[in-house]
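Residue-level listing of the chains:
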Amino acid sequence: AVGAAAMEEAAAHNGSAAGAGTGTGTGSSAAARPPATPEGMALAYGSLVLMALLPIFFGALRSVSCAKSKNSSEMPETITSRDAARFPIVASCTLLGLYLFFKIFSQEYINLLLSMYFFVLGILALSHTISPTMNRFFPANFPNKQYQLLFTQGSGESKEEIVNYEFDTKDLVCLALSSVVGVWYLLRKHWIANNLFGLAFSLNGVELLHLNNVSTGCILLGGLFIYDVFWVFGTNVMVTVAKSFEAPIKLVFPQDLLEKGLEADNFAMLGLGDIVIPGIFIALLLRFDISLKKNTHTYFYTSFVAYIFGLGLTIFIMHVFKHAQPALLYLVPACIGFPLLVALAKGEVTEMFSYESSAEILPHTPRLTHFPTVSGSPASLADSMQQKLSCPRRRRQQSPSAM
C-alpha cells in the first residue's frame, strides 16, 4: 500500500513538461498535439472532479459498515500515528527506488511485471467493489454455496493462520465479470478500463484504510503535504517515474473526447493518492459525526466541500500557471482547516481530537453504560449476587423438558 501510494502520487504529475498536471495533466506527448478546446478541457476537468468525489463519498459510507463487520476478511486496516509518521519516509524511498530501477533496468520489462501485478489487484478490488450491488440482481433461488480459502502455518497449538478468506458463488460471478475488465485493460490499456480499476482502488482504499484518530490524520496529511511539494517542486524524480510508469493508479479523461470519441488520447489525469489520502480523513470525520449521535453529518459534509474547493483550486492554479501542481498542497489545508474551524465554532475541538475510531471496530462487544446503585454491607451485597447467580441454575434444573 505504501509503494502504491508513492506511485499514485507520481502518476498525478505525469506530463508536467507539457505544461499540465496536479493530478490533472496531459499525456507526455501532448506537446505534439493541437491544444485542447475550452469545452474539452472543461469536460475533462469536470469529469475528473466527479470521478474523485464518487469513491470518497461511497467509500466513506462503506467504511462505517466495514468498521462494524464481523467478517475477518472485511476488517479494516487501522493506521496508527507511528504508521502515519513513517508513511512519507517509506513512500519517498519507494519513489526513489522506482526512479533508480527505471534508470538501470529496461522500462519494458518493469512495466510488464507491474501490469501483471495491478491486473491481479485490479480484479480483486473491482470484484469487492461491485459485489454489494451485484447481490441485488441475483434471484432468490440462486444456488449460492459457501467456500473458504484457508492457509495455515505450523500444527497443533502453534498453528497460525496466514490466509483465511471466505467467499461464495456470488463472489465468483463478480470475480468473473471483473476478469473481463482486467483482460480488456491488459490487452488494450483503454482509458475506461483504467478508470474502472482506478475507481475500485480508490473506493477500497477509503473503505478499508482507517485512521484511528484525528491527530493521526493530521500527521499523515501533514507529512504527505511536505512529501508532495518536495518531490514535485524540488526534484524531477516524480515526473520521471510518472512518465515511465504504466499502471491503473490514476484516473484519466480525454480532453479531445468531443473530437475523437472513445479513441481520444489527449488525457487530463488525477493521481489516486490525491483521492485516497484525503478520502480516509473525510471517512474518519463521518464516523466521528456518527459517534456524536446528533443525526447530523456536519463534519463529513464540511470536509467534503473542502475537498471540492481544494481540488478546484488546484485545477485553477494549474491552468493559470501551466505547470504541474502538487494537489495535496491545496487539499491538505482545506480538508483539515475547514472542519477545524467548524469544531472551533461549535466548541467541539476536544471531542474531535479525543475520538478514537478503533473503538468502533468491535461495536458488538457489550459495554457497561451505567453503574447500578447498591446499598448495604459488603456481606449482604455478596449474598445478593450469589442468589442471582444461582437462580437461573435452579430454574434450568426444574424444567428439563425445555431442553
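Since we're looking at a predicted model, the values are computed, not measured.

Brief notes about the pairing of strand β6 (residues 267-271)
Summarising burial for β6: 5 of the 5 residues are buried, a large majority. With 5 bridges joining them, strand β5 (residues 250-254) and β6 adopt antiparallel strand pairing. Bridging across to β6, V252 finds its partner in M269.

Quick look at the pattern of salt bridges
One pass over the structure, following the stated rule, counts 5 salt bridges. With a shortest N-O distance of 3.2 Å, R86 and D83 are connected by a salt bridge. Taken together, the positions of R86 and D83, both in helix α3 (residues 81-104) and 3 residues apart, correspond to about one turn of that helix. K260 is the salt-bridge partner of D265, the closest N and O atoms lying 3.4 Å from each other. Overall, K260 belongs to the partly exposed group, its relative accessible area being 45%. Where salt bridges share partners, they join D256, K260 and D265 into one cluster.

Description of the environment of V49
Mapped onto the elements, V49 comes out in helix α2 (residues 38-67). Between the C-alpha atoms of V49 and I308, which are 259 residues apart in sequence, the distance is 7.6 Å. Those residues in contact with V49, other than ones at most four positions away along the chain, are L311 and I315.

Observations concerning the packing of helix α7 (residues 214-234) against helix α10 (residues 273-292)
Packed helices, taken two at a time, are described by their axes: the angle between them and the distance between them. Contact geometry for α7 and α10: axes closest at 10 Å, N-to-C directions at 165°. Relative to α10, the element α7 is oriented roughly antiparallel. Every pair of crossing elements has a handedness; the one defined by α7 and α10 is left-handed. Here V214, G217, C218, L220, L221, L224 and D228 of α7 lie close against α10, whose contacting residues are D274, I277, I280, F281, L284 and L285. Across the contact of α7 with α10, the residue classes tally to 10 nonpolar, 1 polar and 2 charged.

Concerning the packing of α10 against helix α12 (residues 328-346)
Following both chains from N to C, one finds α10 and α12 inclined at 5°, their axes separated by 10 Å at the closest point. With respect to α12, the axis of α10 lies roughly parallel. In contact with D274, P278, F281 and L285 of α10, α12 contributes L328, L331, C335, I336 and P339. Per-class residue counts for the contact of α10 with α12 are 8 nonpolar, no polar and 1 charged.

Examining α7
Across its 21 residues, α7 extends 29 Å between first and last C-alpha, which sits within 8% of the 30 Å expected from 1.5 Å per residue. Among the residues of α7, V214, T216, G217, L220, L221, G223, L224, Y227, D228, W231 and V232 are the ones counted as buried. N-capping of α7 is provided by N213, with a side-chain oxygen placed 3.2 Å from the backbone N of S215.

A short note on a nonpolar patch on the surface
A cluster of nonpolar residues, L96, L100, F101, I104 and F105, forms a patch on the protein surface that exposes about 510 Å² of accessible area. Among the structural elements, F105 can be located in the loop between α3 and α4 (107-134).

Some words on the UniProt feature "transmembrane region" (unreviewed entry) in the chain
Residues given the UniProt feature "transmembrane region" (unreviewed entry) here are residues 42-64, 84-102, 109-130, 208-233, 267-286, 298-321 and 327-345. In residues 298-321, helix accounts for 100% and strand for 0%; the two terminal C-alpha atoms are 34 Å from one another.

Things to note about helix α5 (residues 169-188)
Taking 1.5 Å of rise per residue, the 20 residues of α5 would be expected to cover 28 Å, and the 29 Å separating its terminal C-alpha atoms lies within 8% of that figure. Buried residues of α5: T169, K170, C174, S178, V181, G182 and Y185, and no others. Its side-chain oxygen placed 3.2 Å from the backbone nitrogen of K170, D168 serves as the N-cap of α5. Phi for K189, located one or two positions after α5, is positive at around 55°.

Reading guide: rules and limits
Residues numbered from 1 in each chain as written. Predicted model: local features only at pLDDT ≥ 70, side-chain atom pairs only at ≥ 80, totals over all residues. Heavy atoms only, no water. Buried < 20%, exposed > 50% of the residue type's maximum accessible area, 1.4 Å probe, protein only. Helix = DSSP H or I, 4+ residues; strand = E, 2+ residues; numbered from the N terminus. Pairing = 2+ DSSP bridges. Salt bridge = Lys/Arg side-chain N within 4 Å of Asp/Glu carboxyl O. Contact = heavy atoms within 4.5 Å. Axes fitted to C-alpha atoms, helices over the stretch in contact; angles between N-to-C directions. Parallel < 35°, antiparallel > 145°, perpendicular 65-115°, else oblique. Left-handed = near helix turned anticlockwise from the far one by under 90°. Nonpolar A, V, L, I, M, F, W, Y, C, P; charged D, E, K, R; others polar. Expected span 1.5 Å × (residues − 1). Polar contact = N/O pair within 3.5 Å; in protein donor to acceptor, adjacent residues only side chain to side chain. Patch = residues over 30% accessible without salt bridge, like charges linked within 9 Å, V, L, I, M, F, W, Y side chains within 5 Å. Areas by Shrake-Rupley, 256 points an atom, 1.4 Å probe, with all protein chains shown as cover. UniProt positions renumbered as here; feature names shortened; annotations may be inferred.

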